[in-house]
Amino acid sequence: RGLILEQIIDSGKSVSHEKISEEVNSAIEDPSKIKLKVPVDDVEACYFPIIQSGGDYSLKVSATSKPSKMKFDVIIASIGARYQSYCASMTRTYFVDPPKKVTSTYETLIDVQNACLDVMKPGNPLSGVRKAAVEHLKSIKKEDLIPCLPKNLGFAMGLDYRDSDLILNDKNSTLFRANMVFNLTVGFENVPLTEADRAEVSSKAEVKNLDKFSCAIGDTYRVLAIDIESGGSNLPELYTKATKQGGDVVYTINEKGDDSDEDDSEESADGESDSDDSAAKEKGTTKIDGKRASSRLKAVKDSNVDAVESAIERAKIQAELLKKKNETRLREIARKNQKGGDEEEEEEAQELKSYGKGEDMPSTVLPNQVKVDMATECVILPISGNPVPFHISTIKNVVMPDPDRATYLRINFHSAGMALGKDVPANVAKLIEKHSPFATFIKELTFRSLDKNNLTSSYRQISELRKRVRQREQKEAEESNLVEQEKLVRMKEGKVPRLSDLTMRPALGKGRKTVGQLEAHENGLRFRSNKGDTLDIIYKNIKNCLFQPCENELMVVVHFNLKNPIMIGSKKHENVQFYTEVVEASEQVDGNRRSMYDPDEMDQEQRERQLRKRLNEAFQGFCKKVEIVSGKYGNKKEFDIPYRDLAFQGTPNKEMCTIQPTLNCLVNLTETPFFVVDLEKVDHVHFERITFSSKAFDVIIILKDFTKQPMRIDMIANADKDGLQSWLTDMEIPYTEAPMSLNWKQIMAEVVQDDRFYEDTEHDEVTPKPAGWSFLAEEDDAEGDAGDDDDDESEFSEDDGEESEEVSDASDDSGFDEEESEESDLDGDEDLEEEGMDWDEMEKEAAISDKKRARDQAEMERAEKQGGKKKRR
C-alpha cells in the first residue's frame, strides 16, 4: 500500500479514495500482483481498505473510503487481510509537506503506542491499555491531546475479525493471557491546526487548507508469556512489520522557499478600468503604466527582474557562506594539527642488496657476458672483465639498436641531475636523493658483441623482469591504503531480500560482463555471479546509496559509493553498481519502414512500458528492504534518488552526459567511468568562462583534500547556470565565477604550501590578503574594473576642469582662433585627398578601362573573322 501511495504522490495524479482502495483490495485478493507466492484461495480481505484525507477523518472500525479525490496532506490508510481464516489488520498515516505540529504530534503518537505495549502482558487488565495512554500524555504535559484519543484502542482478533467481548477500553476488566492476538490502534482524532501552525509550510502545500487533522497507527500483536529470565519484560510480538518511523512516512514535495506565486493585485475601484483589464487579458495584452503591452513581453520582463533579484540574493548568501566556510576550515585544520603527533613518519630509503658477497653470485657468470638473475632480480654486467651486479629497479630502460655487423645493447639507469619520471620506484627516488650530494652515478652502459645470442636473450630477460617487478610494485601500491573489511554475517532469520538477473559494473572476475544476484544480509550485501564469484559490500563501508529508476534511461540502477576502496579484480574501486537493462543498448534496425500505427510496434512499446514499471517496483522494493534490514542491525542506510528536474548536460570525462544532483552527491550513473562527487568532500566550486559571448561554461569542483586535483565538468549550457548556482546555495556550498580559465595544477601546488590559506593576513599577521578562495572572486572583480577604468578616464572631475581651463587659456594666448583651426582641418583633408582618389574618380577610371577592354575584344573578333575568309578563298 505504501508503494502505491508513493507512486501517486510522486506522479502528482488526482485519484479518488475509492480507486486506491480498489487497487489495494485487488492486491490482497491476488497476492501475485505484489510478487507474493501465496495460494489465492488462502487469502481474502477482512474489510474493504480504508483511505482518508483532506480533513475528513474517522477512526472508527466502520469508517469507509469516500468517492472524493485524495488530497496530498495527511493520509490515513487501513487494511485487513485473512490468511487461512486468521485475521490481521494494520493502519498507517502518511504526511505530505507537514508542519512541525503535525510531525511532533505523530512522534507523540508513537510514544503512546509504546506505552500501551508495556502493559499488554499476561495478568494485566485490558482497561490498563487506554489508562497507560492517558497517563503517558499527562506525564509529558500533553493533556490537550487526551480528548482526541479514541475511547477504544483496539480489540482481540483471530478467526473473527473483531471480538466484541475483548475491547481495549476503560471499562473492560478482562485479563490478558498468553498467545492472545490483539489489534492495537492508537490515534488522535480532529486535532486543531491553527493558521500560525500552517504558516511555516509552502503556500502550494495542500495541508495549508486543513484546520484540523487526525493520525493513527495500528498493528497486530501476540501477547507473549512472561519470561522469568528476562524479568517479565517481554513485549508483545509484532505481526504487521511495516515501517512507521517519521522519516519513512513523511514526504516533502513543496519547499517553503519554492513559493513562486505572487499575491494577487488589489481590485480596482473603478469599474471601467476593470473592464479594460479584462478585455486586455482576452486579447493577450496587459496594462503597464497606463499603456497596453503584450502579456508575453510582460512575462519576459518579469522573469528577467526575478532572475536579477535572485542573483543578487544568491550573491549575498554566497558572501556569508564563503566567510563561514573559511572559519569552519580553520577549525578543522586546527583540530587536525592537534592530532598531528600521531602521524606516521616518512619511511627511510632501504639500501638495495642483491648478494651478500661475491661467492653468492651464480657460478655460470662469464667474465664478458651479460647475465640476468631472475631469482634475485639482478642484472650482472661485465665492466673491465669483472661481473658487477645491478638491481633491476635501478634500470630506467633497455634499448637494442638496429645491428650492423655487430649487435648492441644499451642500458639506461636512473641517475641524479635529471628529472625522474613517474615510473621510477619510490625507494630508488629516495636513494638517489640521499646519495646525490656525494655519489657518482652511471647514466648508461652500452655493450657490443659479434654474437647476437647473448645480448638478444639478455634484452628479453631484462624487459620481462622489469615488467614483473613493476606489476608487483603497482599491486603493492594499490593495496597499501586498503582498509580491511569485516566478514559478512549472513541472515539466518526470515526471508533474505534478493534481486536477481543483475549486471555488475565493474566486472567481477574475467569477462566483460558479470551477471548474478544481490542479497541483503545482517551487516552487508553479497553479490553472487552465475559463475560462482562473490563480492561482499559491508554497510559500514558504504558512504552513499543511490537508486535511479528507468524513466528516460535504458537501465534501472542501484549504485553504492564507498568510504574506502575495495579490490575488484586487480584494481581499487570506490563505486560499485548493479543494473538491469530495460531495452538493449544496441538493437538491430530493420531496413523496412514501419508505421506508427503498426500493432506489433504498439505492442512492443506497451511491453516496454510494463517492463519499466515492473523493474522500477522491484528495485524500489529491494531498496526499502535493504533500509529495513540495515536499520534492524544498527547500520541504517537510506537510498537517494537523483533530482531529474535539476539535471543538466556536461562533460566530466570524455563525452557529454546527463549529470543529476541528489541529496548528498552530484552524479552520472549511466555512463562509465562513473562520476560521483560527494558533497561532504567539496570545499569550493568555481565557474569558468562566464562571459556574455560564450554559450557554455565550465565548473571546477575543488576538494577539501588539496593533494588531489580538482574535478571538472566542461561545456555546460548557460541556461543551466542559475539552476546550478541556486542548488549550490541551497546545499551551502560557496562558489565564485570568472571569465578566464585558470592553471589549477599550479594553483593547487601553491595552496598546498600555504599554511595560512584560510586566514586573512600574511605570516606577519599584519599585511592583509584574501582569505581562502575569495581571491578567485577578487580576480573577477579586477578584470571587470579594468574595463571600467577606461570609461572613468573620459569623465571629468573638478581637477580635470581646472586643468582644461588652463589649457584653454594657453590656447587663447597662442594666437590661434577657431577659424584657423578649421582651416587647418581642411588642409589636413586636402592632404588626404591628394594621397588617393575619391569614389567618383575611381568610377570614371573603371568606366574608361571597361570601354578599352570592350574595344580590344571587338578588334580581336573582327581579326578572327577576316582570317577565316582568307582560308575559304
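What you see as residue numbers is a count from 1 along each chain, following the sequence as written. Note on the predicted model: pLDDT of at least 70 is required for a residue's local features to be given, and 80 or more for side-chain atom pairs to be given and counted; whole-chain, interface and lining totals, by contrast, use all residues. Processing note: side-chain calculations cover all non-hydrogen atoms of the structure and skip hydrogens and water entirely.

On to the overall build of the protein, then. Strands here mean DSSP runs of E at least two residues long; helices mean DSSP runs of H or I at least four residues long; both are numbered from the N terminus. Counting secondary structure elements, the protein contains 17 helices and 33 strands. Working definition: with a 1.4 Å probe on protein chains only, accessible area under 20% of the residue-type maximum means buried, over 50% means exposed, and in between means partly exposed. Scored against the burial criterion, the 873 residues of the protein give a buried share of 36%. A 1.4 Å probe and the Shrake-Rupley method give the accessible areas. Residues count as covered only by the protein chains that appear here. Taken as a whole, the protein presents about 54,400 Å² of accessible surface, with 48% of it coming from carbon and sulfur.

Turning our attention to the sheet that holds strand E30 (residues 682-688). Working definition: the strands of a sheet are paired by backbone hydrogen bonds and lie parallel or antiparallel to each other. By the convention used here, strands pair only if DSSP detects at least 2 bridges between them. Reading across from one edge, E32-E31-E30-E33 is the order of the four strands in this open sheet, with mixed pairing throughout. Each edge of the open sheet is held by one strand with a lone partner, namely strand E32 (711-717) and strand E33 (735-737). Between one strand and the next, the sheet's axes are offset by a mean angle of 20°, whatever the strand orientation. In this structure, E30 lies alongside E33, joined through three bridges in parallel fashion. Residue pairing across strands places His-686 opposite Thr-736, the latter belonging to E33. Here, two residues are considered to be in contact whenever any of their heavy atoms come within 4.5 Å of each other. Inter-axis angles, ranging from 0 to 180 degrees, are taken between N-to-C directions of lines fitted to C-alpha atoms, where helices are fitted over the stretch in contact. Running at roughly 25° to strand E31 (residues 696-703), helix H13 (residues 744-753) makes contact with E30, E31 and E32 of the sheet.

Once that is clear, we can look at the pattern of salt bridges. Each salt bridge in this description consists of a side-chain nitrogen of Lys or Arg and a carboxyl oxygen of Asp or Glu lying within 4 Å of one another. One pass over the structure, following the stated rule, counts 26 salt bridges. The partner of Asp-197 in a salt bridge is Lys-101, and the shortest N-O contact between them spans 3.6 Å. With Asp-197 in helix H5 (residues 195-198) and Lys-101 in helix H3 (residues 100-118), the pair connects residues that are 96 residues apart, well separated along the chain. The closest approach of N and O atoms between Asp-722 and Arg-314, which form a salt bridge, is 3.3 Å. Linking Asp-722 in helix H12 (residues 721-730) with Arg-314 in helix H8 (residues 295-338), this pair joins segments that are 408 residues apart in sequence.

Those residues of H13 not exposed but buried are Trp-744, Ile-747, Met-748 and Val-751. Each buried residue of H13 lies within a common arc of 95° when the element is viewed along its axis, so the set occupies one face. Away from the buried face of H13 by more than 90 degrees, exposed residues Lys-745, Glu-750 and Gln-753 are located. What the arc covers is the set of directions going from the helix axis to the C-beta atoms.

So, on to the sheet that holds strand E16 (residues 407-413). Sheet architecture is open: three strands sit in the order E15-E16-E17, paired in antiparallel fashion. Each end of this open sheet is capped by a strand with a single partner; those strands are strand E15 (395-399) and strand E17 (444-449). Ignoring which end each strand starts from, the neighbouring axes of this sheet average 15° apart. Sheet topology note: the E16/E17 ladder contains six bridges and is antiparallel. Note that in E17 the partner of Tyr-408 across the bridge is Arg-448. Of the strands in this sheet, E15, E16 and E17 touch helix H10 (residues 452-480), which is tilted by about 140° from E15.

Note on placement: Arg-329 falls in helix H8. Residue Arg-329 is classed as buried on the basis of its relative accessible area of 9%. Filtering out sequence-adjacent residues up to four positions away, Arg-329 remains in contact with Asp-683, Lys-704, Phe-706 and Tyr-758.

All right, on to the side chain of Ser-16 then. Tracing the chain through its elements places Ser-16 in the loop between helix H1 (2-11) and helix H2 (17-29). N or O atoms closer than or at 3.5 Å make up a polar contact, with two conditions inside protein: a donor-capable atom paired with an acceptor-capable one, and, for residues adjacent in sequence, both atoms drawn from side chains. A polar side-chain atom of Ser-16 sits 3.1 Å from the main-chain amide nitrogen of Lys-19. In this structure, Ser-16 is in contact with Pro-67, Ser-68, Lys-69 and Met-70, ignoring residues within four places of it in sequence.

Each pocket or cavity is described by its volume, and for the second largest pocket that value is around 1,100 Å³. Listed by contribution, the elements that provide at least two residues to the lining of the second largest pocket are H8, strand E23 (555-568), strand E24 (571-581), strand E29 (675-678) and H13. Of the residues in the lining of the second largest pocket, the class split is 16 nonpolar, eight polar and 16 charged. In this analysis a 1.4 Å probe is tested at points of a 1 Å grid over the protein atoms alone, and where it fits but cannot get out there is a cavity; an open set with protein on both sides within 12 Å along at least five of seven lines is a pocket; lining residues have an atom within 4 Å of a point. Grid points are joined across faces, edges and corners, and a volume is the space filled by probe spheres set on the points. All amino acids are sorted into three groups, where Ala, Val, Leu, Ile, Met, Phe, Trp, Tyr, Cys and Pro are nonpolar, Asp, Glu, Lys and Arg are charged, and the leftover types, Gly among them, are polar.

The next thing to look at is empty space enclosed by the protein. Under the criterion given, the structure shown has two cavities of 30 Å³ or more. For the largest cavity, the calculated volume is near 60 Å³. Lining the largest cavity are Leu-666, Val-677, Leu-679, Val-682, Val-685, Val-699, Ile-701, Leu-724, Trp-727, Leu-728 and Ile-733. Looking at the lining of the largest cavity, the elements with two or more residues in it are E30, E31 and H12. Per-element accounting of the lining of the largest cavity gives the leading share, three residues, to H12. Among the residues making up the lining of the largest cavity, the classes are represented as eleven nonpolar, no polar and no charged.

Attention now moves to the nonpolar core. Soluble globular proteins tend to bury their nonpolar side chains together. The nonpolar core is taken to be a set of buried Ala, Val, Leu, Ile, Met, Phe, Trp, Tyr and Cys residues, with the residues joined through side-chain atoms within 4.5 Å. Counting 62 residues, the largest nonpolar core has Phe-182, Leu-184 and Phe-188 as the members making the most contacts within it. With seven residues, the top contributor of residues to this core is H3. When sequence neighbours within four positions are dropped, the list of residues in contact with Phe-182 reads Met-120, Leu-126, Phe-155, Ala-156, Met-157, Leu-166, Leu-168, Phe-176, Asp-219, Thr-220, Tyr-221 and Val-223.

Another point: the packing of H3 against helix H4 (residues 128-139). Contact geometry for H3 and H4: axes closest at 8 Å, N-to-C directions at 135°. Classed by the angle they form, the pair H3 and H4 counts as oblique. Note that H3 runs across H4; the crossing there is right-handed. Across from Thr-108, Asp-111, Val-112, Ala-115 and Cys-116 in H3, the residues of H4 making contact are Val-129, Ala-132, Ala-133, His-136 and Leu-137. Class assignment of the residues belonging to the contact of H3 with H4 gives a composition of seven nonpolar, two polar and one charged. When an angle is under 35 degrees it counts as roughly parallel; over 145 it counts as roughly antiparallel; between 65 and 115 it counts as roughly perpendicular; any other value is oblique. Each crossing gets its handedness from the near helix: less than a right angle anticlockwise from the far helix is left-handed, clockwise is right-handed.

Moving on: the packing of aromatic side chains. The aromatic pairing rule takes the rings of Phe, Tyr and Trp, using the six-membered ring of Trp, and pairs them if the centres are within 6.5 Å, calling planes under 30 degrees apart stacked, those over 60 edge-to-face and the rest tilted. Inspection of the entire model under this criterion finds 18 aromatic pairs. On the numbers, 5.3 Å between centres and 70° between planes, the contact of Phe-155 with Tyr-161 is edge-to-face. Tyr-161 matches Phe-155 in its accessibility class, with the two residues each being buried. Where Phe-757 meets Phe-775, the ring centres are 6.5 Å apart and the plane angle is 80°; that geometry is what we call edge-to-face. Of this pair, Phe-757 sits in the loop between H13 and helix H14 (774-793) while Phe-775 is found in helix H14, placing the two residues 18 residues apart along the sequence. A cation over an aromatic ring shows up here: Arg-329 above the ring of Phe-706, its NZ or CZ 5.8 Å from the ring centre. The ring of Tyr-579 has Arg-505 lying over it, and the distance from NZ or CZ to the ring centre is 4.7 Å. To sit over a ring, a charge needs its Lys NZ or Arg CZ within 6 Å of the ring centre and within 35 degrees of the ring normal.

Working rule for helices: expected span equals 1.5 Å times residues minus one. With 19 residues, H3 extends 28 Å between its outermost C-alpha atoms, agreeing within 8% with the 27 Å of an ideal straight helix rising 1.5 Å per residue. Considered for burial, the residues of H3 that qualify are Val-102, Thr-105, Tyr-106, Thr-108, Leu-109, Ile-110, Val-112, Gln-113, Ala-115, Cys-116 and Leu-117. For H3, the secondary structure elements touched by its buried residues are strand E2 (74-83), strand E3 (86-96), H4, strand E6 (181-192), strand E7 (212-222) and helix H6 (246-249).

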